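Chain by chain, the residues run as shown.
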Amino acid sequence: SQQGEEDPQALSIQEGENATMNCSYKTSINNLQWYRQNSGRGLVHLILIRSNEREKHSGRLRVTLDTSKKSSSLLITASRAADTASYFCATDSSGNTPLVFGKGTRLSVIA
Amino acid sequence: DAGITQSPRHKVTETGTPVTLRCHQTENHRYMYWYRQDPGHGLRLIHYSYGVKDTDKGEVSDGYSVSRSKTEDFLLTLESATSSQTSVYFCAISDETRQPDYGYTFGSGTRLTVV
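Bear in mind the structure is a predicted one, so any value in this text is a computation, not a measurement.

A. Quick peek at the overall build of chain B. In terms of regular secondary structure, chain B is built from zero helices and eleven strands. Its C-alpha atoms give chain B a radius of gyration of 13 Å, near enough to 13 Å, the size a compact globule of 115 residues would have. Each principal axis of the C-alpha atoms in chain B carries an extent, and together these give about 40 × 30 × 25 Å. When each of the 115 residues of chain B is scored for burial, the buried share is 50%. Within chain B, contacts between residues separated by at least 24 positions form 56% of all contacts whose residues are at least 6 apart in sequence. Accessible surface for chain B amounts to roughly 5300 Å². Of this, 47% is attributable to carbon and sulfur atoms.

See the structure below:
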C-alpha cells in the first residue's frame, strides 16, 4: 500500500512564484526522499532528509520534515518553466528496505 | 540514464504470452528494483534484488517473476501477460556504500501494452 500521499495532486503557478508540495506518510521512517519525473522519463533523485533532521536545503529546494505529524514539505523557490514535472516523495522504514513512493504532485509552471 | 538501461523501451504483446523485460547496469550496484507506474497509483514495487540470486517480493508481485544471475542484469518476467499488466515499468539501482544519500537511479522505463 502507498506510504506517502502527496498534496495537492496538481499545482499550477506562474514562473517566479514559489511552489510548495506536501507529503504525509503512515508509519515510522528512516529517511524521506523527493524525486522529480519529467514527462515520459525516469525519476530523478532531488534531496533526502533523515528522520532526525528537520530541514534541509539544496539550491532552490527546501525540504522540511515533521515526524510528529508524519509529514514533509518540498518548497521550490523562484520556480521556472523547467521545473514543470511530477514530484514524488518516497520513504523507507530502515536502511536497505525498498523505497515506497507516493502518488505524486503534478507541477505546472507557466511562463 | 547513465549507468542503467532498460530494454525494450516499448512493447506490445498479446494476452497470455510470456514477456521478459531487461534492466542492465554498469555501476556494479548491489541493489536493483522493479517498479510499475500506473495513473492514480504512483510507483509500486514489484520485486527487488539485494545481490546475485537474492531477490524478494514487493507490493504487487503476483504474476511476475525475476532473476538475477549476474550483478549487472535484473530480468522481470510476466509469466502470462494480462491486460492489467499494461503499465510503464521502471528499473532502479542503488549503491549500498552511499545510500541513501544519493537515492535511487532510475532507468528510462519500458512501456508495455498487453492487448
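B. Representation of the overall build of chain A within the structure. When helices and strands are counted, chain A shows zero helices and eleven strands. Each helix and strand of chain A, placed in order from N terminus to C terminus, yields the pattern β-β-β-β-β-β-β-β-β-β-β. At 13 Å, chain A has a C-alpha radius of gyration in line with the 13 Å of a compact globule built from 111 residues. Considering chain A as a whole, with its 111 residues, one finds that 45% of them fall into the buried category. In chain A, the share of contacts with a sequence separation of at least 24, taken over all contacts with a separation of at least 6, comes to 55%. About 5200 Å² of surface is accessible on chain A, with carbon and sulfur atoms providing 44% of the total. Separation between the mean location of the 13 positive side-chain charges and that of the 10 negative ones in chain A comes to 3 Å.

C. Layout of the interface of chain B and chain A. Opposite the 23 residues of chain B that make contact, chain A presents 21 residues. Summing both sides of the interface, chain B and chain A together bury roughly 1800 Å²; the carbon and sulfur share of this comes to 49%. Across the chain B-chain A interface, the total number found is zero salt bridges. Counting every contact that joins chain B to chain A gives four residue pairs in polar contact (both at pLDDT 80 or more). Sort the elements by how many residues they give to the side of chain B that touches chain A and strand β5 (residues 42–51) of chain B lands first, with five residues.

D. Representation of the nonpolar core. Of all hydrophobic cores here, the largest spans 21 residues; its most connected members are A:M21, A:L32, A:W34, A:L74, A:I76, A:Y87 and A:L107. For this core, the elements supplying multiple residues, two or more each, are β3 (19–24), β4 (31–37), β5 (43–50), β7 (61–66), β8 (71–76), β9 (85–92) and β11 (105–110) of chain A. B:L21, B:M32, B:W34 and B:L112 belong to the second-largest nonpolar core, a separate cluster that totals 19 residues.

E. Inspection of the state of the cysteines at higher detail. Residues and elements named next belong to chain B. Applying the stated criterion across every chain yields a total of two disulfides over all chains. The residue that forms a disulfide with C23 is C91, at a sulfur-sulfur distance of 1.9 Å. The chirality of the disulfide connecting C23 with C91 is left-handed, given an S-S dihedral of about -75°. Taken together, the residues span a long stretch of sequence, with C23 in strand β3 (residues 19–25) and C91 in strand β9 (residues 87–94) at a distance of 68 residues. For C23, a relative accessible area of 0% gives the class buried. Judged by its relative accessible area of 0%, C91 is buried.

F. Summary view of the layout of surface pockets. Approximately 760 Å³ is the volume attributed to the largest pocket. Lining the largest pocket are 36 residues, and of these A:Q37, A:S86, B:Q37, B:D38 and B:P39 sit closest to its centre. Elements with a minimum of two residues in the lining of the largest pocket: β1 (5–7), β9 and β11 of chain A together with β4 (31–38), β9 and β11 (110–114) of chain B. Class assignment for the residues of the lining of the largest pocket results in seven nonpolar, 21 polar and eight charged.

G. Spotlight on the sheet that holds β7(A). Residues and elements named next belong to chain A. The strand order across the open sheet built from five strands is β1-β3-β8-β7-β6, with neighbouring strands paired in antiparallel fashion. Each edge of the open sheet carries a strand with a single partner, namely β1 and β6 (55–58). Averaged over neighbouring strand pairs, the angle between their axes works out to 20° when direction is ignored. For β1 and β3, the ladder comprises three bridges, and the chain directions are antiparallel. Bridge pairing links D7 to N22 in β3.

Cut-off values and rules
- Residues numbered from 1 in each chain as written.
- Chains lettered and ligands numbered in written order.
- Predicted model: local features only at pLDDT ≥ 70, side-chain atom pairs only at ≥ 80, totals over all residues.
- Heavy atoms only, no water.
- Helix = DSSP H or I, 4+ residues; strand = E, 2+ residues; numbered from the N terminus.
- Rg over C-alpha atoms; globule rule 2.2 N^0.38 Å.
- Buried < 20%, exposed > 50% of the residue type's maximum accessible area, 1.4 Å probe, protein only.
- Contact = heavy atoms within 4.5 Å.
- Areas by Shrake-Rupley, 256 points an atom, 1.4 Å probe, with all protein chains shown as cover.
- Lys, Arg positive; Asp, Glu negative; His and termini not counted.
- Charge placed at Lys NZ, Arg CZ, Asp CG, Glu CD.
- Buried area = accessible area lost by both parts, 1.4 Å probe.
- Salt bridge = Lys/Arg side-chain N within 4 Å of Asp/Glu carboxyl O.
- Polar contact = N/O pair within 3.5 Å; in protein donor to acceptor, adjacent residues only side chain to side chain.
- Core = buried A, V, L, I, M, F, W, Y, C linked by side-chain atoms within 4.5 Å.
- Disulfide = S-S within 2.5 Å.
- 1 Å grid on protein atoms, 1.4 Å probe; cavity = no way out; pocket = protein on both sides within 12 Å on 5 of 7 lines; lining within 4 Å.
- Points joined across faces, edges and corners; volume = space filled by probe spheres on them.
- Nonpolar A, V, L, I, M, F, W, Y, C, P; charged D, E, K, R; others polar.
- Pairing = 2+ DSSP bridges.
- Axes fitted to C-alpha atoms, helices over the stretch in contact; angles between N-to-C directions.

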